[in-house]
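Chain by chain, the residues:
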Amino acid sequence: MKLRSASIFLLASMLAASLAACAGEGGGEVQTTVPTDSTAPVTEAVTADPDYVPDGLPGQDFGGEEVRILTTTWYDAQKYIYAAETTGEIVNDMLFQSRSVVENRFNVSVALTVDGELGVTNMLFHNAVLAGETVYDILYHHDLQTIQSALNGDFLNMREIESIDFAKPWWTKTSEDFTIADRLYCTSSHLSLAGVYLNYILAINKDLAAAYDLTIPYDDVRAGTWYADDLIAMCREIPQDLNGDGKMGEEDQYGFLSSYYGNMGMQSNFGGAVIGKDTDGNLTVLDNTDRMVSVLEKIEQLYEYGTDAYGADNEYGMPMFVQGQGLFSMTESRVLMDQARDTDFAWGVLPFPKYDESQKEYQSSGCDIYWGIALTADERKEMIGTVIEALSCENYNHVLPAVWEMMLGTKLSDAPDDSDMFAVIRDAQYVDLGYAFSGQSSMLTQMVFLVENTTSGKVASYMDSRMKGLSNFVNKINEAYTELP
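This report concerns the structure included in the present document. Model, not experiment: these values are computed from the prediction.

1. Brief notes about helix α10 (residues 289-303)
Along its 15 residues, α10 runs 21 Å from first to last C-alpha, staying within 8% of the 21 Å computed at 1.5 Å per residue. By the burial criterion, the buried members of α10 are M292, V293, V295, L296, K298, I299, L302 and Y303. Check the buried side of α10 and you find it contacts α8 (228-235), β6 (254-257), α9 (260-269), β9 (306-307), α17 (450-453) and α18 (459-464).

2. Examining the pairing of strand β5 (residues 200-205)
By the criterion of burial, β5 is predominantly enclosed, with 6 of the 6 residues buried. Of the two faces of β5, the one carrying Y200, L202 and I204 and the one carrying I201, A203 and N205 are both buried. Strand direction decides the pairing type here: β5 and strand β10 (residues 326-332), joined by 5 bridges, are antiparallel. Note that in β10 the partner of Y200 across the bridge is E332.

3. With respect to the pattern of salt bridges
The final tally for this structure, using the stated rule, is 14 salt bridges. It is possible to trace a salt-bridge network through shared partners that takes in E65, R68, D137 and R380.

4. Describing helix α3 (residues 143-151)
Across the 9 residues that make up α3, a large majority, 7, are buried. For α3, every residue scored as buried is listed here: D143, L144, T146, I147, S149, A150 and L151. In this structure, the buried residues of α3 make contact with α2 (121-130), β4 (138-140), β13 (371-373), α15 (433-436) and α19 (467-483). Note on α3: the residue one or two positions beyond its end, G153, has a positive phi of about 85 degrees.

5. A short note on the sheet that holds strand β11 (residues 347-350)
Read from one edge of the open sheet, 5 strands run β9-β6-β10-β5-β11, paired in mixed fashion. Single-partner strands in this sheet number two, and they are β9 and β11. Of the strand pairs in this sheet, β5 and β11 are connected by 4 bridges, and their pairing is antiparallel. Note that in β11 the partner of L202 across the bridge is L350. Against the sheet, helix α13 (residues 381-408) touches β5 and β11, its axis set at about 140 degrees to β11.

Conventions used here
- Residues numbered from 1 in each chain as written.
- Predicted model: local features only at pLDDT ≥ 70, side-chain atom pairs only at ≥ 80, totals over all residues.
- Heavy atoms only, no water.
- Helix = DSSP H or I, 4+ residues; strand = E, 2+ residues; numbered from the N terminus.
- Expected span 1.5 Å × (residues − 1).
- Buried < 20%, exposed > 50% of the residue type's maximum accessible area, 1.4 Å probe, protein only.
- Contact = heavy atoms within 4.5 Å.
- Pairing = 2+ DSSP bridges.
- Salt bridge = Lys/Arg side-chain N within 4 Å of Asp/Glu carboxyl O.
- Axes fitted to C-alpha atoms, helices over the stretch in contact; angles between N-to-C directions.

By themselves these figures say nothing about function.
If you want it as structure tokens, here you go:
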């Protein structure tokens, strides 16, 4: 199915400023309470389009109730979830539109408070919960620190909120994966755009592919037959010593470019996860050493024709890619949108390939900004859940296509190949469980970033020396969840 264009909602101009990074620098501490702008026109939710997925919520009047979100100055996180007013920037204005529709529909208001850097915002929220106060309803914060807030007992169990339907497509795989012992304390959905902007994505230089007479594998992706060996084969003839100094360096051409975080994404996408779920829904350490050896072998083969040596950990070789020096870059959507918008060559996007025929589905791992609902908001949880569900629905149906149209520089309805790739990537989005809980264990961090710490020839012994410690850590997390409210 081709995704419909979001152009019925597009406003005047392209998004001029890039949204901030998952692995970038935080700003100085500020405190801002952003009110609802009630002077702007409100449009009812559009449901006539055959591709629109409705939320199925009953009509309700919440009598002017307010849903209060607390977030941080970190990476301008607020730009992914809230627009205070219309500015002429497409995504900002569509976020504003989504909120206006929901506020009008249910007679509610949504307010955002931006207060504090990392380590400050979560303590403000925690102290309010300890005091039994509902100063804020939702904490929307740094991914690893939000996991810690969940373990601190700051959130209620979202699986008990009847107004939330986790079967709807705006609830990413994160909600399933983060449910431990039937309890879900923090998650992500398309309530926020962070999962889209911070998702890892495979960018391809279409002009370079044409110069080497390479077929971009759109049909293979659609058929489910786009594999790691195909990616490696496409990269094989691309490396060139452009400056003629007899060695490959930063001024030369490569088949594949990425960096530290991209390597983590590749490991996970190829099935190299460290943490999974058992049949009871608890976390477990995966016994997949043989698979991990094979995964690292594939990544090493890929880097025979590529490099991760240049640029920052969160740049993914993009400065070289935008100069036409790479066929592929394993990058983040927000980096691609920021740095590749004005290239003098055509580029597109693909999902990361499957490992081989044994992998049933494409996987599109990435970072995200998680959120949870205050434990002290229990009496208002159905109202809060309704607002979250409705906002997620609006963003999924209208704002996400606009983000991709902005990134690709064309309407999805006018670019059927890119439209199909968007659908595959969107539906495969998830956060690696090992990475999600790595803030509580340096040993887990080492295992999630195996490419940085070992090689295919040594990974078996590297993993074996850490398995007992990891098992003890996972057992403690499972026990902690059973003791939470």
